[in-house]
Amino acid sequence: MECILRKFGNYENFEEVTGGSILPKSRVWAAARKYLQKENCVGEVVVCLSEELLSQAVMMVESCRPTLTINLSGARQHWLEGMFRHEIGTHYLRGVNNNLQPWSTSAGRKQYGLKPANPTEEGLASLHSVLLRKQPYLWRAALLYYTVYHAARMSFSQLFSHIAQFVQDPAVRWEYCLRAKRGQTDTSQPASPWDSCTRRRRTRTAFYTWRTAERTPSVSRPTFIIIIISLTYDRIQHLATPTPHPWEKPWETPREMK
């Protein structure tokens, strides 16, 4: 994060340079339709636009239908495609593919000795968000992890002041602190009820990203992500020889990976 600040000066400039301009509703709708057509899932996913969403986007099931809600304030020109890859290309398509597998139920996962998919899926989704960007920085994910870590040791107001070294805009700082502290009844106390699972997902994926890069420094970026995925998906042929995955057994190949 300090390197990013040295390069861009501040978070606001980082957003503008790497994310581009905020898109109007018409262009967000058009981009969503285009992506759904590309992934051959038009009519399967409901897309909603919101100005009140806390995160950039969220994929969930509403009224028995997969629904993607997009935060218009974060719908930036160069980030929107990555958001679709994160929410639809990773979360939704993996879920669709999982439903076709013999281990789709909790009993099936227990039968095959599989742990929950989330600890790795969120990390992969975070990588997919930036993979094809011209400047693929995981700065937002790093800042969120940093904020959650310190939320367990600081009150809301202390945390709000502490992350000012990285983010000057008080509205953006409020968003990060709120995400880290939401669910806590007394925010004057050091604690972070925010889902620690997401921290584990991203940390473990980032750790294996680093370890694989250390072993294969000359690998290109498209090959690089396949190697990372090989650590968790047994149906993808390994392009390198990574160490065995220590915490997760392999599971199904997502549709986009086929």
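The coordinates are above.
Here's what I pulled together on the structure shown here. Just so you know, these numbers come straight off a predicted model, no measurement behind them.

Further remarks concern helix 2 (residues 11-19). Taken as a whole, helix 2 has its buried residues at Y11, F14, E15, T18 and G19. The buried residues of helix 2 occupy an angular sector of 100° when the element is viewed end-on, so they sit on one face. Buried residues belonging to helix 2 abut helix 1 (2-8), helix 7 (139-151) and helix 9 (170-181). The residue sitting at the N-terminus of helix 2 and contributing the capping side-chain oxygen is N10; that oxygen lies 3.2 Å from the backbone nitrogen of E12. At the C-terminal side of helix 2, G20 shows a positive phi close to 80°.

What follows is about the packing of helix 7 against helix 9. As a packed pair, helix 7 and helix 9 sit with axes 9 Å apart at the nearest point and diverge in direction by 55°. Our classification of the angle between helix 7 and helix 9 gives oblique. Seen from above, helix 7 lies across helix 9 with right-handed handedness. Between helix 7 and helix 9, the contacting residues are R140, L143, L144, T147, V148 and A151 on the first element and E175, Y176, C177, R179, A180 and K181 on the second.

Procedures and definitions
Residues numbered from 1 in each chain as written. Predicted model: local features only at pLDDT ≥ 70, side-chain atom pairs only at ≥ 80, totals over all residues. Heavy atoms only, no water. Buried < 20%, exposed > 50% of the residue type's maximum accessible area, 1.4 Å probe, protein only. Helix = DSSP H or I, 4+ residues; strand = E, 2+ residues; numbered from the N terminus. Arc of directions from axis to C-beta. Contact = heavy atoms within 4.5 Å. Polar contact = N/O pair within 3.5 Å; in protein donor to acceptor, adjacent residues only side chain to side chain. Axes fitted to C-alpha atoms, helices over the stretch in contact; angles between N-to-C directions. Parallel < 35°, antiparallel > 145°, perpendicular 65-115°, else oblique. Left-handed = near helix turned anticlockwise from the far one by under 90°.

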